[in-house]
Amino acid sequence: MSISLPSTGTLAIGGKTVHRLGYGAMSLTGPGVWGPPADRDAAVRVLRRVVELGVTFIDTADSYGPYVNEELIREALHPYPEGLLIATKAGFVRTGPSQWHPVGRPEYLRQEVEMSLRRLGVERLDLLQLHRVDPQVPLEDQVGELGALRDEGKIAEIGLSEVSVEQLEQARRVTDIVSVQNRYNLSNRFSDPVLDHCTEQGIVFIPYSPVAKGALTGPDSPVEHVAKAVGATPSQVSLAWLLARSPMTLPIPGTSSIEHLEENLGASTVRLTAEHLRELG
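Residues numbered from 1 in each chain as written. Predicted model: local features only at pLDDT ≥ 70, side-chain atom pairs only at ≥ 80, totals over all residues. Heavy atoms only, no water.

Participant: Even after reading the chapter, I still don't get the overall build of the chain, so can you show me in this structure?
Facilitator: Of the regular secondary structure elements, the chain holds 10 helices and 11 strands. For 281 residues, the compact-globule formula gives about 19 Å, and the C-alpha radius of gyration of the chain, at 18 Å, lands near that figure. Projecting the C-alpha coordinates of the chain onto the three principal axes gives extents of approximately 55 × 40 × 35 Å. By residue count, 54% of the 281 residues in the chain fall in the buried class. Here the analysis covers contacts within the chain between residues at least 6 apart in sequence; of these, 73% occur between residues at least 24 apart. Here the chain displays about 11,700 Å² of accessible surface, and carbon together with sulfur accounts for 49% of that area. (Helix = DSSP H or I, 4+ residues; strand = E, 2+ residues; numbered from the N terminus. Rg over C-alpha atoms; globule rule 2.2 N^0.38 Å. Buried < 20%, exposed > 50% of the residue type's maximum accessible area, 1.4 Å probe, protein only. Contact = heavy atoms within 4.5 Å. Areas by Shrake-Rupley, 256 points an atom, 1.4 Å probe, with all protein chains shown as cover.)

Spelled out as structure tokens, the structure:
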């Protein structure tokens with residue numbers, strides 16, 4: 001199956017237009033999203049292949065590694081191709097493998113934005129997403145600081161991650177929000193109300209874990225019957241379903257394998273009929 005990313009359509013994020021099938025770079029770290037990848041050269045090759053295949057949206061975060069992921073992206077891709085949008089995140093710290101802690105103090109967010117600028121080698125971050133809302137800090141203070149950084153020219157656009165409709169609207173009363181990144185896939189639709197709201201409001205919705213960490217891709221996948229019917233893999237069908245779910249979705253499948261990368265991007269050519277969509281529910 002050939003890859004044709006333009007067939008997915010595009011979305012505008014600030015001053016850039018991106019194809020609606022991106023790449024999540026979190027997989028290019030060590031176990032538990034901690035430390036460097038086992039094979040750094042292989043990780044660099046994956047990132048370069050991402051761009052070669054026409055992907056124009058790469059998602060990362062300061063906490064992936066921590067810091068390793070952003071540094072790896074710079075090593076592989078800087079100077080960045082025209083049209084590539086790199087989205088990073090701040091506000092969720094790593095203290096060890098598989099350990100996460102929200103930190104949304106304004107001074108910390110400012111520090112991390114400054115460091116992400118340095119690690120990525122840019123003067124302005126295309127998209128900075130608040131990685132998690134810190135319950136110990138007023139949301140208005142967290143997004144307010146990001147708004148101040150945007151006014152200073154250090155951030156182009158602001159997004160949120162793992163928020164409710166209420167939190168999204170609370171943040172929008174403080175500053176413009178262009179994207180929301182929540183966990184969402186065929187088997188986890190808890191964020192249906194958020195996705196529907198983003199669609200109504202013209203806000204980009206970035207579903208992470210789009211194939212449920214592989215749970216939708218195995219031989220007993222719940223989408224296997226549709227995959228056989230359309231001549232695609234379960235992973236491709238799962239991603240095609242996300243693309244069909246709303247014109248505002250921008251899935252970001254991640255992998256450390258070029259083979260799996262090419263398979264995932266093959267979802268761009270999968271066409272699901274109304275009957276297929278009914279079968280998938």
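Participant: Please clarify how the sheet that holds strand S3 (residues 23–24) should be interpreted in this entry.
Facilitator: Backbone hydrogen bonds are what pair the strands of a sheet, in a parallel or an antiparallel way. Read across the open sheet, the 7 strands follow the order S3-S4-S5-S8-S9-S10-S11; overall the sheet is parallel. The open sheet is flanked by S3 and strand S11 (204–208), the only strands paired with a single partner. Inspection of the sheet shows strand S10 (residues 179–183) paired to S11 by 5 bridges, in the parallel sense. Bridged to serine 179 within S11 is valine 204. (Pairing = 2+ DSSP bridges.)

Participant: Looking at this structure, I do not really get unusual backbone geometry. What am I missing?
Facilitator: What is expected of a backbone is that most residues other than glycine have negative phi and most peptide bonds are trans. Residues glycine 65 and proline 66 are joined by a peptide bond in cis, for which omega reads -10°. On the secondary structure map, proline 66 appears in the loop between strand S4 (57–59) and helix H2 (68–77). The phi dihedral of valine 33 falls on the positive side, at around 55°, and the residue is not glycine. One non-glycine residue, glutamate 162, adopts positive backbone phi at about 55°. Mapped onto the elements, glutamate 162 comes out in the loop between strand S9 (155–161) and helix H5 (165–172). A relative accessible area of 28% places glutamate 162 in the partly exposed class.

Participant: Would you explain the nonpolar core in this entry?
Facilitator: Side chains of nonpolar character tend, in soluble globular proteins, to be buried together. Counting residues in each nonpolar core, the largest one holds 66 residues, and the members touching the most others are Tyr23 and Leu146. Core analysis: the next-biggest nonpolar cluster, separate from the first, contains 14 residues, Leu85, Leu127, Val178 and Tyr208 among them. (Core = buried A, V, L, I, M, F, W, Y, C linked by side-chain atoms within 4.5 Å.)

Participant: Looking at this model, I keep getting lost on the environment of leucine 84. Mind explaining?
Facilitator: Tracing the chain through its elements places leucine 84 in the loop between H2 and strand S5 (85–90). When the C-alpha atoms of leucine 84 and valine 55 are compared, they prove to be 7.7 Å apart, with 29 residues separating the residues in sequence. Filtering out sequence-adjacent residues up to four positions away, leucine 84 remains in contact with Lys16, Val51, Val55, Thr56, Phe57, Ile58, Leu77 and Asp126.

Participant: Is there a simple way to think about H2 in this case?
Facilitator: Every α-helix winds through 3.6 residues per turn, so residues three or four apart in the chain are directed the same way. Most of H2 is tucked away, with 7 of its 10 residues classed as buried. In the core, the buried residues of H2 are packed alongside helix H1 (40–52), S4, S5 and helix H3 (106–120).

Participant: It is not clear to me how the layout of surface pockets should be interpreted in this structure. Could you clarify?
Facilitator: Over the atoms, a rolling probe the size of a water molecule traces out where space has been left empty. Space inside the largest pocket adds up to approximately 750 Å³. Lining the largest pocket are 30 residues, with Met26, Ser27, Ser209, Lys213 and Gly254 positioned closest to its centre. For the lining of the largest pocket, the secondary structure elements donating two or more residues are S10 and helix H9 (258–265). Per-element accounting of the lining of the largest pocket gives the leading share, 3 residues, to H9. Broken down by class, the residue content of the lining of the largest pocket amounts to 11 nonpolar, 13 polar and 6 charged. (1 Å grid on protein atoms, 1.4 Å probe; cavity = no way out; pocket = protein on both sides within 12 Å on 5 of 7 lines; lining within 4 Å. Points joined across faces, edges and corners; volume = space filled by probe spheres on them. Nonpolar A, V, L, I, M, F, W, Y, C, P; charged D, E, K, R; others polar.)

Participant: Sorry if this is basic, but what is going on with the packing of H1 against H2 here?
Facilitator: The axes of two packed helices give the description: the angle between them and the distance between them. Interaxial distance between H1 and H2 falls to 9 Å at its minimum, and their mutual angle equals 65°. In the crossing of H1 with H2, the sense of the turn from one axis to the other is right-handed. Across from Arg40, Ala43, Val44, Leu47, Arg48 and Val51 in H1, the residues of H2 making contact are Val68, Glu71, Leu72, Ile73, Glu75, Ala76 and Leu77. (Axes fitted to C-alpha atoms, helices over the stretch in contact; angles between N-to-C directions. Left-handed = near helix turned anticlockwise from the far one by under 90°.)

Participant: Please clarify how the pattern of salt bridges should be interpreted in this entry.
Facilitator: Oppositely charged side chains can pair when the atoms bearing their charge come close. Tallying each qualifying case throughout the model produces 15 salt bridges. Notably, a salt bridge pairs glutamate 52 with arginine 49, separated by 3.3 Å at the nearest N-O pair. Here glutamate 52 and its partner arginine 49 are both found in helix H1, 3 residues apart, which amounts to about one turn of the helix. Residue class for glutamate 52 comes out exposed when judged on its relative accessible area of 57%. Given a relative accessible area of 24%, arginine 49 falls into the partly exposed group. The structure contains a network of salt bridges with shared partners spanning Arg110, Glu114, Glu145, Glu152 and Lys154. (Salt bridge = Lys/Arg side-chain N within 4 Å of Asp/Glu carboxyl O.)

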